[in-house]
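If you want the building blocks of each chain, they are given just below.
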Amino acid sequence: MGQGIDMTVNRLPARTWNWLKMNESRLTDVKIEKACPVTPVVTGHGTTWERVSAEKIQSEQTENGFAWKNLVTGMGPDMDRLAEEDEQAQVDVITAEAGADEDNMAVFDYECQPGERYFNRLYLHAKENSVLNVTVLYRSAGAGEGLSAHQIKVCAEKNAVVRIYMAEILDAGVTCLSDLGGVCEDNARVELVKLELGAGKLYSGGEIDLKGKASNFTAGIGYTAKPGQHLDMNYTARHHGKKTESLMEVSGVVSENAFKIFRGTIDFIAGCAGSKGTESEDVLLLGEELVNQTIPLILCAEEDVEGNHGASIGKLDDQTLFYLASRGIPKEEAEKMLARARVDALNARIPVKSVRDTVEAYLGGGDEADDEEEEK
Amino acid sequence: MAEKEKTYVQDVDRSLYDFRNEEKDAYRVKSGLTSDIVEKISEEKKDPEWMRIFRHKALETYNKMEIPDWGPSIDELDMDNIVTYVRPNTHMSAKWSEVPEDIKDTFEKLGIPQAERKSLAGVGAQYDSELVYHNVREEVAAQGVIYSDLEGAMRGEYGEQYAEMIRTHFMKLVTPGDHKFAALHGAVWSGGSFVYVPKGVSVEIPLQSYFRLNAPGAGQFEHTLIIVDEGASLHFIEGCSAPKYNVANLHAGCVELFVGKNAKLRYSTIENWSKNMYNLNTKRAQIAEGGVMEWVSGSFGSHVSYLYPMTVLKGDNSRMEFTGITFAGRGQNLDTGAKVVHIGKNTSSYINTKSISKDGGISTFRSSVVIGAQAKHSKAGVSCQSLMLDEESRSDTIPAMDIRTPDADVGHEAKIGRISDEAVFYLMSRGISEEDARAMIVSGFADNVSKELPLEYAVEMNNLIQLEMKGSIG
């Protein structure tokens, strides 16, 4: 591995005033050493896993012109540049063939060792008329500094469905770079459920290109910015095809001394007639000395579209607090409970029980009712 | 059978504004921007020494700063070709009869003298770089209201206390270091108005300044400074227009508004610069405890516009409301919006904008809401709606929020779309033709903003937003 590199990540698709410091984020002297060892558990007929050389897969191009290396990701090209620092890098590729079991699942459980600096690449390829389910967990084996960088690229061919469930519960000493990029062909769909819960510094981005007609992207993103934590996010739905749809629902909590920025963009490219895009962010603010930055963009070069975004930022409203107080729940507990509810709702959507339980344990407190349900 | 009328939303009818007068200016500086030119302007203006030094420092700042790396391109604006000072062949007067015929005709065509007679408490009219007319009603002046040219007031012509007031307020809110064109303004500013409303005085009818740029290839850099003292109130109207030339014109004005404790200021603007104009204007208001700031802003003209009135809610319980409409037609790239900074406790702000893009016009709504750590119990709302009238146009929304206290309540909503088929269908089911239904919807879209504009401006508004509702959209 060479020297660390300086990176510019999470660029806002359309710049605004520089004094706001929202246009992009800069990282200096970023070094990677190796990939975090992982052996995925793949279940279900028609779904395969292979580990291939990055050099090989980056040089490939399909007959219809698709190439992994051309996929744009949310954090931007500097993540590709960082990945190239590992000359021996390999890529995990999960492929779902047409007719693969609908309830297939590939589970990647990355357990990061303290002091290590990882970069992992995972490519998901859902062929025509297939369904591909993937659950990814990033966690730390112990307390300590380190880097967990990862990049997921998605290709959803015609009529394919890709469901990605991601939970990040890394130690506070770790810096996490979490990058996602994908493309949807005709009538394909990408569904993302993502929990950003750990890491002292988190930079996370996602961009889905809705290239095909009637393709669809939904994202449910939950975060908790804990005291001292730094969360920097950038998600884009790019509507190229006609009648495409996107829905990004983001919900989170920003605590005392925490910093959080969420950039969310719906980009209607000329020609995407009949498309709809919606983005919303609901932020609960708890504690002093916090910074919450929200910048939701709609870029529109097409007349026949519907674009909506909304944001609601603040503390719990008095009515809710009064209601809970009348049930004997004091303010602090009510805040804790409702903050937790935002994350729990998304965690409940992760289909892999062991991952759900790990997240529960990280958050504190198990879910016995859930266990009983699972046993039945 | 009568031929079916085409539905088409017309561009703003500019014939009223596009007339030109022969250039009879008495003096103009060379084009471009140098220390000598700044010195020459300072001499022309008979600046006090502090202002002369200020101008040169601003020029230094200008030379160090970069052009914005965001927003519409201004690459075609070449400062070497812009004349920064053009003195018309007249002096400022308080009587329309003393204004030269061609200049008077200009303002009469724009309806300014008539409006003054009917419904304004005072009028200032600037032609190129100089005010040519300034007058305030006697009963308003008797209340102690100062409405004058800024330069005269700066030189102490209306009392030393006002000269001192200007020295302590001029470009303190918008500093030359703010951005490159604020620095440019600081170096070459010329003309503009000064308003002081004393404590407890309520100016019942509006004051108005109108800015007309006639000279091709020129810049206009007027400075408006308004101080509304404790418990006072004022409605100030600003209008601007220019004929169209084939060379770029530049407007880099600056507006600084100081709203005192429990005072109220409404600042209404109808901007209708010609489509060769680069409108790089800066407006900012600072509001003391319990003060109220209301902005009403209509942007219809210019080739390129960067316009985001900013409000600093410094005092506790202060509030602001911004209502804006932007209409971007062919060849226009209008980047407009608002900024607000909450510093005081219990402050509130509401930004409500509408934009329409047609014929390849580009409209961008850009805003920022910053709530500081001390601004406990503050509330902010932002609502922006954009209407695309054809597939050649473009409409972007870029709203930023930076919240640094948990005791804040911030809401934001934005919508972009075209005319709803369901709404058209509903109106058609009531017997209205499709064309008329579409026309009504567009009209209604603009209406809730235009109704906030002062009645006194109705005539100009009617000329400006000629949304021809006959014919079809898209």
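I will try to describe carefully the structure that is included in this document. Bear in mind the structure is a predicted one, so any value in this text is a computation, not a measurement. (Residues numbered from 1 in each chain as written. Chains lettered and ligands numbered in written order. Predicted model: local features only at pLDDT ≥ 70, side-chain atom pairs only at ≥ 80, totals over all residues. Heavy atoms only, no water.)

## Notes on the overall build of chain B
When its secondary structure is counted, chain B shows 11 helices and 25 strands. Every one of the 474 residues in chain B was classed for burial, and the buried ones make up 63%. Residue pairs at least 24 apart in sequence account for 84% of intrachain contacts in chain B once pairs closer than 6 positions are excluded. By element, 47% of the accessible surface of chain B is carried by carbon and sulfur atoms, the whole surface being about 17600 Å². (Helix = DSSP H or I, 4+ residues; strand = E, 2+ residues; numbered from the N terminus. Buried < 20%, exposed > 50% of the residue type's maximum accessible area, 1.4 Å probe, protein only. Contact = heavy atoms within 4.5 Å. Areas by Shrake-Rupley, 256 points an atom, 1.4 Å probe, with all protein chains shown as cover.)

## Focus on the overall build of chain A
The secondary structure content of chain A amounts to 6 helices and 20 strands. Radius of gyration (C-alpha) of chain A: 20 Å, near the 21 Å computed for a compact globule of 376 residues. Judged by the C-alpha coordinates and their principal axes, chain A covers about 65 × 50 × 50 Å. Residues counted as buried form 57% of the 376 residues belonging to chain A. Within chain A, counting contacts between residues at least 6 apart in sequence, those at least 24 apart form 84% of the total. A total of about 15000 Å² of accessible surface is found on chain A, and carbon and sulfur atoms cover 46% of it. Between the mean site of the 39 positive side-chain charges and the mean site of the 64 negative ones, chain A shows a separation of 3 Å. (Rg over C-alpha atoms; globule rule 2.2 N^0.38 Å. Lys, Arg positive; Asp, Glu negative; His and termini not counted. Charge placed at Lys NZ, Arg CZ, Asp CG, Glu CD.)

## Quick notes on the packing of aromatic side chains
In the structure shown here, the tally under the stated rule is 18 aromatic pairs over all chains. Pairing Trp 17 of chain A with Tyr 308 of chain B gives two aromatic rings, centres 5.0 Å apart and planes at 90 degrees, and the pair type is edge-to-face. Here Tyr 308 of chain B lies in the loop between strand 17 (304-307) and strand 18 (310-313) and Trp 17 of chain A lies in the loop between strand 1 (5-9) and strand 2 (25-30), a pairing that spans two chains. With respect to class, Trp 17 of chain A is no different from Tyr 308 of chain B; both count as buried. Summarising the aromatic geometry, the rings of Trp 50 of chain B and Phe 170 of chain B are spaced 6.4 Å apart at their centres and angled 70 degrees between planes, so their arrangement reads as edge-to-face. Of the two residues, Trp 50 of chain B sits in helix 2 (residues 49-64) while Phe 170 of chain B sits in the loop between helix 7 (160-169) and helix 8 (180-188), which places them 120 residues apart along the sequence. Take Phe 170 of chain B: its relative accessible area is 1%, and that puts it in the buried class. What links up through ring pairs into an aromatic cluster is the set Trp 17 and Trp 19 of chain A together with Trp 70, Tyr 306 and Tyr 308 of chain B. Directly above the aromatic system of Tyr 62 of chain B lies the positively charged group of Lys 180 of chain B, at a separation of 4.0 Å from the ring centroid. (Phe/Tyr/Trp six-rings, centres within 6.5 Å; stacked < 30°, edge-to-face > 60°. Lys NZ or Arg CZ within 6 Å of the ring centre and 35° of its normal.)

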